Each structure stands twice: as C-alpha cells, then as structure tokens.
Amino acid sequence: MFMNVSSTPAGGGPRALSAVLGEVLRTGAVLAAAEVARMRALAEAGHLALDVMGERPVSSRVAEMALREVASEIATAEHVSDRTVQTQIGRAMTLVDDYPGTLTAWEQGAITRAHVHAILEIGAPLPVEVRAEFDALAVATAEGLSPGRLRTRLAVLAETLQPTTITERHQRGRDTRCVRVVTGQDGMSDLVATLPTVLAVGIYDRLTQQARAIIDTRGDTPLTATDERTTAQLRADVLADLLLTAAPDADPTRTDDGPGTLGTIRARVQVVVPALTMLTPQQENTDPAELIGHGPLDADTARALTESTTTPWDRVITHPITGAVLHTDTYHRTTAIDRYLRARDRHCRWPGCTVPAIRSEIDHTLDYALGGPTHIRNLAHLCQRHHTQKQFTRWSVTQLPDGILEWTSPTGRTYRDEPLPYSPTIKFLPDDPPEPEPEPDHAPF
C-alpha cells in the first residue's frame, strides 16, 4: 500500500518559503553593504593614522604607535578592546588596498563574508606584488562555490603564485610558533599551541596512546574501576599533568640527573578568593572566586589552590558595603604600596583591558621625571602595551580621588576607569512587613 506524501513543508507552501528566501537574501545584501561600508571607514582611519606622520620617515614602531592611537579612539567609543580594533583596521586596509575586486564582489552580493575571509587567509602569505593577480583569480573562482570548496581551489592558485618553495616558507613559518590562552565560559579556556604540523600531530598521537593505555587498565584495581573519563578528557588531563608537574628533558640549565632550573618553574596566577569561600563548603557559600583577567573561578578550585600553594596570600580588608579596599597585610615580602595597588587595581587600568596586575607594570600617572610622587594617588597598573601607548601617543591620563583614572583621547573625549569594588560582605534584606492590627470585637460607639 502506497501513501501520497505532500512535498510542501509544514507551516507554509512554496510561496511562503519563497517570501522567506527573498527576505533572507535582501537582508543579507543590506548587511553586506553595511559591513563593506565599515571596512572602508576602518581603512580610512588607518590611512589617516599614517598620514599624521606627514613627510617624516615612518619606521615600523612609529607607524604602530600611530595605528594604536587611532584604534584606541574608536575602541573606547565602542567599548571594545583596542587590540581588536587595531586588528580590524589592519584587515580593512589589506582588503581595501590589495583586494579591491573581492571587496566589490562582496558589496554586490556575489560572495559572502565567509568567502572574503577565505580569500584573505589564503592570500596572506603571498607577496604584495602578486595579490592583484590573486584577487582577480579568486573572485572568478569563487562563483558558485561554497567557502569550504573555495579554500581548496585557492590553495592551489596561491601556490602557483609563490616565488619560493613550500620548504623555504616552512623554515620561516617555524618562527611563528607560540602558545596562547583563549578564555572561554564556565571557568574553562583553550590552550592553543602553534607548532610545526609534524610535532603537533606527534603530540596528539602520544596523548591519544597514553589516554588509551589508561582506558585499557580500567578494572585492574579498585581505583581505576570507577574511572569513566572519555579519551578526549584523558588527553586534556594527561597534557595538564605533564606540563605542570613533569621536568622538561631539554633543559639547558641541567648539570646532573636533576630537573634543572626550568624544571622548578611553576605556573603563576592571580586569584581573589572571599574568605568565606576558603573556609566553608560550597553548598554553604556560593560566592565565587575570581581568576584575574579571565573571570569567575569555581569555589572547589579556589579552595584547592589555597590548600596546595606554598605562596603566602595577600589579605585584603574591604569596606563591608562599598567593597572599597581599606587595608592589606601579608607575610609575603613586598612593599605596602605594591600590595595595596595590586589589591585595588587587580588588572591593567586602561579602559576595558583585563591583563592581570601581576603581569602589568606600576606606572606613575604623572611621570616621576616631571615631579610625580611615588604615592598610591599617583600610581596605577598598566600592561606593557598600554604603558607604551601612554608614553608615545597623544593619549593622556589624570588620576582622580579614589584611584579613578580619567583618560583623554586625541579628539578630546574622556573615559573614566574606576577600580572594581569587591563584593560587599554585608547583605541587606527588606524588613518583615508589620503585623496587621487586630480588628475590634464590636463596632465603636
């Protein structure tokens, strides 16, 4: 027995779907036009920054400072990171200057943002003098292709335009190896290592073998019988264990069978933990700790850190209502000023920056050479990037009472950065409603 099944989707016929499709395409075109307009504006901002140099010879450092200055102006107005805006400006200048065909195709709706990203990424290693040719070939190739398939075609095209071999380029590429942290959600982050591919694959393979070896031993002992971790979770646990506890073999300071200086290096983080979080079980206290520069830290991890670390903690006495820092003390041998500023600032004091204070520099708001005193009313933490920007661009800063920094941009706009208060230790609850008066037993005379 056969049944006729309608091809019309539930919730509307072909005409309804056609109308929705038309709206998707229309709004996509509007969005593309707006994105291209922003790209052109960001590129113009970058060109203005370089034009400020006039006829003077522009070194890479001077150009960098000029771009930082303009990027910071836009970033503070939009309440975003100046690093992000500077990256956007650089990308926009590349697109406008080197890929005009790609930009026009995007503006006309012939390609999408994903296609543009693929073209820029694949074309990035190419010399500037061949990018015009790659631009024309990329736009012609992109017609009718998805971004994923376009990448494969572009990789072949880019290789034909390279003036050097892949072996020579790999030798240069090794210079870009690095490790970085990308902060995620719920107290988790991505640890990203950029390595030669063969090393990256080898590391992954070794972690996989170690994870499988652990899985194969399950049930051999009562301890392993309850281990239900997945292979992916085991890879992460083994990696963390090796990096945090194992002594490196390639240690140039090693003179005998010991681990050497590198083997004694341990991770350093800055954590703020409410006293009650350290002293009470999690179910009795829900106030989270904070990993400075990254966000909230779960109470169990915070308590584990307090129990295992041999580094003395700074005790921070705060106002019970406002959370303002009142006093600090510690057994650690640092100056009282450093302790106070680390507790007050917690991170770089540039608007929006989250670099922890332990990785920042203590800066004289009014330069010491100009008579600025070494006092908490004239000191604040700045990361290296923003310390340099304060010195070598037209941004200026004034410190107001209570540690408030007032930054003035090159266009005259002002932005205030206030120390983040600690959570109050006293919580006020509304009074119980008054009890109603009893009604009289009889009517009044």
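Residues numbered from 1 in each chain as written. Predicted model: local features only at pLDDT ≥ 70, side-chain atom pairs only at ≥ 80, totals over all residues. Heavy atoms only, no water.

In the annotation of an unreviewed UniProt entry, the entry for the chain reads HNH nuclease domain-containing protein, and the organism field reads Microbacterium testaceum.

Going residue by residue along strand 10 (residues 396-399), you find Val 397 and Gln 399 tucked away on one face and Ser 396 and Thr 398 left uncovered on the opposite face. Taken together, the 4 bridges between strand 10 and strand 11 (residues 405-408) define a ladder with antiparallel strand orientation. Residue pairing in the sheet places Gln 399 in a bridge with Leu 405 of strand 11. Counting the residues that bridge the hairpin from strand 10 to strand 11 gives 5 residues, and of these Asp 402 lies at a positive phi of roughly 65°. (Buried < 20%, exposed > 50% of the residue type's maximum accessible area, 1.4 Å probe, protein only. Helix = DSSP H or I, 4+ residues; strand = E, 2+ residues; numbered from the N terminus. Pairing = 2+ DSSP bridges.)

This part covers the sheet that holds strand 11. Ordered by their spatial adjacency, 3 strands build an open sheet running 10-11-12, and the pairing between neighbours is antiparallel. Of all strands in the sheet, those bounded by a partner on one side alone are strand 10 and strand 12 (414-417). The mean inter-strand angle of the sheet, taken between neighbouring strand axes irrespective of direction, is 25°. (Axes fitted to C-alpha atoms, helices over the stretch in contact; angles between N-to-C directions.)

Remark: helix 3 (residues 82-98) packs on helix 4 (residues 100-107), axes separated minimally by 5 Å, with the N-to-C direction vectors making an angle of 100°. Of the possible angle classes, the one that applies to helix 3 and helix 4 is roughly perpendicular. Each of Leu 95, Val 96, Asp 97 and Asp 98 in helix 3 lies in contact with helix 4, whose residues at this interface are Pro 100, Thr 102, Leu 103 and Trp 106. Of the residues that constitute the contact of helix 3 with helix 4, the class distribution is 5 nonpolar, 1 polar and 2 charged. (Parallel < 35°, antiparallel > 145°, perpendicular 65-115°, else oblique. Contact = heavy atoms within 4.5 Å. Nonpolar A, V, L, I, M, F, W, Y, C, P; charged D, E, K, R; others polar.)

Our next topic: the side chain of Arg 385. Position of Arg 385 among the secondary structure elements: in helix 16 (residues 384-392). Within the structure, the side chain of Arg 385 is placed 2.9 Å from the side chain of Asp 82, a separation counted as a polar contact. In contact with Arg 385, other than residues within four places in its own chain, are Glu 64, Arg 68, Asp 82, Arg 83 and Gln 86. (Polar contact = N/O pair within 3.5 Å; in protein donor to acceptor, adjacent residues only side chain to side chain.)

Where nonpolar side chains cluster on the molecular surface, the patch consists of Val 179, Val 181, Leu 191, Leu 239, Leu 243 and Leu 244 and spans about 570 Å² of accessible area. Looking at the nonpolar patch element by element, the count peaks at 3 residues for helix 11 (residues 231-245). The topology assignment puts Leu 243 in helix 11. (Patch = residues over 30% accessible without salt bridge, like charges linked within 9 Å, V, L, I, M, F, W, Y side chains within 5 Å. Areas by Shrake-Rupley, 256 points an atom, 1.4 Å probe, with all protein chains shown as cover. Salt bridge = Lys/Arg side-chain N within 4 Å of Asp/Glu carboxyl O.)

With that settled, consider the packing of aromatic side chains. Evaluated as defined, the whole model comprises 3 aromatic pairs. Considering the side-chain rings of Trp 395 and Tyr 415, the 6.2 Å spacing of their centres and the 35° angle between planes classify their relative orientation as tilted. Here Trp 395 is found in the loop between helix 16 and strand 10, whereas its partner Tyr 415 is found in strand 12, with 20 residues between them in sequence. Residue classification places Tyr 415 among the buried positions, given a relative accessible area of 13%. Members of the aromatic cluster, each reached through a chain of ring pairs, are Trp 350, Trp 395, Trp 407 and Tyr 415. Seen from the ring of Tyr 422, Arg 346 lies directly overhead, with NZ or CZ sitting 3.9 Å from the centre. (Phe/Tyr/Trp six-rings, centres within 6.5 Å; stacked < 30°, edge-to-face > 60°. Lys NZ or Arg CZ within 6 Å of the ring centre and 35° of its normal.)

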